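Given next are the chains, with one letter for each unit.
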Amino acid sequence: MLPKLAFLETNTTDLVIGGLLGRLLDRFIGKSDKQRRFIDDSLQVHKENVLETFHIELGPRCPIDVNVGKWIENAVDRKVRELCFKLTWSAEPTSLPKSLYTCDTLVSLSFSNKILVDVPFSACFPSLKRLGLYFVVYKDENSLVRLLSSCPILKYLMVDRHHQDNVNIFSIRVPSLENLSYDYVKWGAQDNGIMGTLVIDSPVLKKIFIIDYFGNSCSFESKPRLDKATINFFYYPNDKFMRSLSTIMVLEIVLTAATFAWFNAINFSQLIECKIIILNELDWLEPLMGLLQNSPNLKVLFIDQTFKQVENELPLSWNQPSSVPGCLSSHLEIFEWKKYGGRREEKEMVKYIFANSKCLKRAGISLKSTFNYLMMKDLESMSRVSTSSQLLFSTQLEYVSLKKEMMMSESE
């Protein structure tokens, strides 16, 4: 069994070396010499040629004179396959040794927090399939480009950004990329006018998770054939981005004024499952019917108002469609609504879906007010064209975040 080294700045730390599990009960915090000696000695004791996994996490009270580069160089010399480095100390972001960027054995690489990504022209990761960049700082945009272009077989890319990472145009040009998670939310950041652009050129991309509250545009340079997507942003993407959604089979989307435009513009011919998340008060019922009209094979529809932020509800518009959406006539099997409010327009939409969903097997509705007996009786009295359908006053669908799904996926 290949050795694994893990060092964490916690009170009780699991130390896994050569398949043997020990418990390190001593605290590393404030004991820099002991920490350094322990890690140095551990690396010296184990002389195997290949180091399977090397994880380092150094917290905010870590001494700033710790030579982390020495440990990483040692791991590279041992042909490390998985390297995870999280640095949250109080000092400025630190550069990593140049030898790391030419490590030909790395299959999985993860950087977090106070790390300066300064990539040399010689960078090459011929074996890297998984890359995680979490709240790091880039020397410049060219360093990001060089890093990604040095990964010829990269399949998984996970990015969490902050507004001071030195990148305006975040360009992802990775021909082999299949899974992308991109999260750019300015938690607590001041609105200083900085905006960003996301550019994706990955023709075999299958899954995307994009949350972007801080950018001003997102575009595809090539049209991938997406299978799954989670989308949450407030700007209007380019036409290639919109057309790429036409192949989606599973879609989770947060409703905004920008995403409304897609519902009537895109033919979701392969869409099977759709989760609609409503955060703010919007006139969303009619756009939703447009989505149903353009999703002839939809089997699962889930509306989630759990995180709705506006209490003063604005008027909703409801007009019965002139023609019944094809998915209601022949495909919709599961319809669930979380935190249903029972407003007149919402009630009309539920009534319409019940009356026209011939294949409906289960309708699950959880109420904003848990013990609203009259609302429950009202729903029970609605006619359902599918006599075998079951009405439940709870939602049973459990969606695993696409981002979590990608992080849990094992490297091939």
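Read on for a plain summary of the structure. (Residues numbered from 1 in each chain as written. Predicted model: local features only at pLDDT ≥ 70, side-chain atom pairs only at ≥ 80, totals over all residues. Heavy atoms only, no water.)

**Describing the side chain of S295**
- Inspection of the secondary structure puts S295 in the loop between α6 (285-293) and β20 (300-304).
- Using a relative accessible area of 0% as the deciding quantity, one classes S295 as buried.
- A polar atom in the side chain of S295 sits 2.7 Å from the backbone oxygen of L291.
- Those residues in contact with S295 that sit more than four places away from it in its chain are F268, L271 and C327. (Helix = DSSP H or I, 4+ residues; strand = E, 2+ residues; numbered from the N terminus. Buried < 20%, exposed > 50% of the residue type's maximum accessible area, 1.4 Å probe, protein only. Polar contact = N/O pair within 3.5 Å; in protein donor to acceptor, adjacent residues only side chain to side chain. Contact = heavy atoms within 4.5 Å.)

**What to know about the sheet that holds strand β14 (residues 196-201)**
- Taken in spatial order, the three strands of this open sheet run β12-β14-β16, and their pairing is parallel. Each having just a single partner strand, β12 (169-173) and β16 (215-220) make up the two edges of the open sheet. This sheet shows a mean twist of 10° between the axes of neighbouring strands, independent of strand direction.
- Where β12 and β14 come together, five bridges link them in parallel fashion. Within β14, the position partnered with S171 by the bridge is V199. (Pairing = 2+ DSSP bridges. Axes fitted to C-alpha atoms, helices over the stretch in contact; angles between N-to-C directions.)

**Considerations on the pattern of salt bridges**
- According to the stated counting rule, one finds twelve salt bridges in the structure shown.
- A salt bridge links R173 to D201; its shortest N-O distance comes to 3.6 Å. Separated by 28 residues along the polypeptide, R173 in strand β12 and D201 in strand β14 bring together distant segments of the chain.
- Residue classification places R173 among the partly exposed residues on the basis of a relative accessible area of 42%. (Salt bridge = Lys/Arg side-chain N within 4 Å of Asp/Glu carboxyl O.)

**Brief notes about the pairing of strand β11 (residues 156-161)**
- Among the six residues in β11, six count as buried, and that is most of the element.
- Examined bridge by bridge, strand β9 (residues 130-134) and β11 share five bridges and lie parallel to one another. Considered in β11, the bridge of L131 is made with L157.

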